[in-house]
Amino acid sequence: MFLRNRLATKTSALEPATGRSSPPPRPPLGTSSQAPSGRLPLASSSLPAATPGHRPPDGRMQLKAEVHRRLVEDLRRRGLDETATEAELRQAIGEVMDQTAASGRPLGRTERDRLVEEVYNDVLGLGPLEPLLADDDISEVMVNGPFDVFVERSGRIERAVVRFADEAHLRRIIDRIVSRVGRRIDDASPMCDARLVDGSRVNAIIPPLAIDGSVLTIRKFRKDPLKITDLLELGSLSGAMGEFLEAAVAAKLNVLISGGTGTGKTTLLNVLSAFIPGGERLITIEDAAELQLQQEHVIRLETRPGNVEGSGRVDQAELLRNSLRMRPDRIILGEVRGPEALTMLQAMNTGHEGSLATVHANTTRDALARLETMVLMAGMELPLRAIREQVASALDVIVQIERGQDGRRRVVGITEVVGMEGETIMLQEIYGFRKEGVREDGSVRGSFRAAGIRPKCADRLERAGLGLASDHWLAANQ
Ligand SMILES: Nc1ncnc2c1ncn2[C@@H]1O[C@H](COP(=O)(O)OP(=O)(O)OP(=O)(O)O)[C@@H](O)[C@H]1O
Ligand SMILES: [Mg+2]
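Residues numbered from 1 in each chain as written. Chains lettered and ligands numbered in written order. Predicted model: local features only at pLDDT ≥ 70, side-chain atom pairs only at ≥ 80, totals over all residues.

### Side note on the overall build of the protein
When its secondary structure is counted, the protein shows 14 helices and 15 strands. Of the contacts formed within the protein by residues at least 6 apart in sequence, a portion of 58% connects residues at least 24 apart. (Helix = DSSP H or I, 4+ residues; strand = E, 2+ residues; numbered from the N terminus. Contact = placed C-beta atoms within 7 Å.)

### Considerations on the packing of helix α12 (residues 364-377) against helix α13 (residues 384-394)
The contact between α12 and α13 brings their axes to 10 Å, and the two run at 120 degrees. In terms of orientation, α12 lies oblique with respect to α13. Between α12 and α13 lies a crossing whose hand is right-handed. Seen from α12, the contacting residues are Leu368, Leu371, Glu372 and Val375; seen from α13, they are Leu384, Ile387, Arg388 and Val391. Per-class residue counts for the contact of α12 with α13 are six nonpolar, no polar and two charged. (Axes fitted to C-alpha atoms, helices over the stretch in contact; angles between N-to-C directions. Parallel < 35°, antiparallel > 145°, perpendicular 65-115°, else oblique. Left-handed = near helix turned anticlockwise from the far one by under 90°. Nonpolar A, V, L, I, M, F, W, Y, C, P; charged D, E, K, R; others polar.)

### Comments concerning the site of ligand 1
Inspection of the region around ligand 1 gives 18 residues, with Ser139, Gly264, Lys265, Thr266 and Thr267 positioned closest. Contributing elements (two or more residues each) for the shell around ligand 1: β1 (138-144) and α9 (265-273). No other element matches the three residues that α9 contributes to the shell around ligand 1. In terms of residue class, the shell around ligand 1 is made up of three nonpolar, 10 polar and five charged. (Near = placed C-beta within 6 Å.)

### A few points about the sheet that holds strand β3 (residues 156-159)
With antiparallel pairing, six strands are arranged side by side in an open sheet as β3-β2-β1-β6-β5-β4. On the outer flanks of this sheet lie β3 and β4 (191-195), each paired with one strand and no other. Each strand of the sheet is rotated relative to its neighbour by a mean of 15 degrees, with strand direction disregarded. The sheet contact formed by β4 and strand β5 (residues 201-205) spans five bridges and is antiparallel. By the bridge assignment, Cys192 is partnered in β5 with Ala204. (Pairing = 2+ DSSP bridges.)

### Looking at the pairing of strand β12 (residues 397-403)
Of all seven residues in β12, six are buried; the element is thus mostly enclosed. By the bridge criterion, five bridges tie strand β7 (residues 255-259) to β12 in an arrangement that is parallel. Note that in β12 the partner of Ile257 across the bridge is Val399. Bridge count for β12 against strand β13 (residues 409-421) is seven bridges, and the pairing is antiparallel. (Buried ≥ 20, exposed ≤ 12 C-beta atoms within 10 Å, placed from the backbone.)

### Remarks on the packing of helix α10 (residues 316-323) against helix α11 (residues 340-349)
Between α10 and α11, whose axes approach to 8 Å, the crossing angle comes to 25 degrees. Relative to α11, α10 is oriented roughly parallel. Handedness of the crossing formed by α10 with α11: left-handed. Mapping the contact onto sequence places Gln316, Ala317, Leu320 and Arg321 in α10 and Glu340, Thr343 and Met344 in α11. The residue inventory of the contact of α10 with α11, partitioned by class, reads three nonpolar, two polar and two charged.

### Observations regarding unusual backbone geometry
Glycine aside, a negative phi is what most residues show, and trans is what most peptide bonds show. Geometrically, the link from Pro207 to Pro208 is a cis peptide bond, its omega value of 5 degrees lying close to zero. Along the chain, Pro208 falls in the loop between β5 and β6 (215-219). The backbone of Ser154 shows a phi angle near 50 degrees, a positive value even though the residue is not glycine. Relative to the helices and strands, Ser154 is located in the loop between β2 (149-153) and β3. The residue Arg327 is not glycine, and still its phi comes out positive at about 50 degrees. When you line up the elements, Arg327 lands in the loop between α10 and β10 (330-336).

### Structural notes on the confidence of the model for the protein
The predicted model of the protein has a mean per-residue pLDDT of 84, with 86% of residues at 70 or higher. When mean pLDDT is compared element by element in the protein, β7 scores highest at 98, while helix α1 (residues 3-9) scores lowest at 42. Taken as a whole, residues 4-56 scores under 50 in pLDDT and shows 87 contacts with residues more than four places along the chain or in a different chain. (pLDDT = per-residue confidence, 0-100.)

### Examining α10
Turning to α10, its buried residues are Gln316, Leu319, Leu320 and Ser323. Mapping the buried residues of α10 onto a view down its axis gives an arc of 100 degrees, with all of them on the same face. As for α10, its buried residues are in contact with β8 (282-286), β9 (298-302), β10 and α11. (Arc of directions from axis to C-beta.)

### Looking at the sheet that holds β7
An order of β9-β8-β10-β11-β7-β12-β13-β14-β15 is seen for the nine strands of this open sheet, with the pairing classed as mixed. The sheet is open, and its two borders are formed by β9 and β15 (444-450), each paired with just one other strand. Within the sheet, the average angular offset between the axes of one strand and its neighbour, ignoring direction, is 20 degrees. The sheet contact formed by β13 and strand β14 (residues 424-438) spans eight bridges and is antiparallel. Opposite Gly419, over in β14, you have Met426 as the bridge partner.

### Focus on α9
Counting buried residues in α9 gives nine out of nine residues, a clear majority hidden from the surface. Among all positions in α9, only Lys265, Thr266, Thr267, Leu268, Leu269, Asn270, Val271, Leu272 and Ser273 are buried. Next to the buried residues of α9 lie α7 (228-233), α8 (239-250), β7, β10, β11 (356-360) and β12.

### Some thoughts on the environment of Gly467
Take Gly467: it is sitting in the segment after α14 (457-463). For the pair Gly467 and Ala248, spaced 219 residues apart in the sequence, the C-alpha separation amounts to 9.7 Å. Setting aside residues no more than four positions away along its own chain, Gly467 makes contact with Ala458, Leu461 and Glu462.

Right, dumping it as structure tokens:
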């Protein structure tokens, strides 16, 4: 096969077997990006009011607030209702802006256009967040109350220049986001997961739970998802690791991806899923659908939170149980986080091979410990030894990823689960990353290494016709 040959010949064989180019992300369930015929839903009640914030508003803020106030009257006068088009609205904002500014400090053309854009974003879009969402170098947006906005850019966290007028302004934007997916956030339910129209994952939590103001965290959806070739170029894993993972997924080994928060688990899961041969029936189960599988035969399931009374909730365990009756060839579990762990292990042990999942854990051993705890949460009162036996016989390979101090995400270990010895699950590292130091520019110096042993699963790869060359396992040959 494999990766290296493919890379060398610069073919796009790593593209999905169907040969389709990446489809645009499907709009999330329950969202509509725009009202039909280009008319935009305009909620005049959501216009930011001219209320002063905790900090005194500057001149621009005052001008914007005044424009907002006048805009409502102006739209009413013009007979523009809730369904004003984008163009009508922009024009109205421009005119109101000119009238309002005429009585104060003169505005330059660029400044005026920027203000029109900002007011437009406040009225219809996501306000100060819009420029951050439009910036492709930003992968995460973190709003810690109205005045502190941070972003992750190229793996590093930095402060953004934007801010909200006040807490009420931030809350209006949050309300707009969550109401679009038919959810709400208020005293009764002060935390909420939602998604933007483009598929970006959003979490919001409001006071009093969030002590210093509402907090919004947005994991931006990549329009162009990372592929294995990107990860290799980014130095996230070695070519040999990539070849092994490709063979392991194609040969239907059960693979668990483990890593801390934001280390790239979902991204790696997505990348590995591209190695699943076409023609298989795949079922994905996620809390918030993020995976972008390229295969033709994919069924996507997503959990549902309960309503205010707490009824109607459907969790991953239920979806997983249901999916077993849907004739899956493979089950892909976005993140194992609770009692579904037991069902997952049972499924892996009863013929649903080639399952892929991620788990939130900082080391490979921790990943095992977390699985044990999650199985205990299922309430079956299994003895620990029985749980460990399930884990040991279900899992074949654990991939550990980390975000280094230089912001780079790396596969720091690929470990085989070899069995049990007494009460202990035996692990054997196949590849690792050895850190050697930190350069002056802060980047980490180190290298990917093979442990130099031929793993037990090498036989399975061979039986599946996916064997790797015998020198592949040599420590020197990475
Ligand atoms: N190897 C990589 N190199 C550079 N950026 C990456 C890499 N993997 C993931 N990313 C980026 O890092 C961010 C987090 O990735 P991802 O959502 O996959 O993490 P996660 O571990 O699943 O996070 P969470 O714990 O929140 O579910 C995304 O913006 C993604 O595009
Ligand atoms: Mg994730």
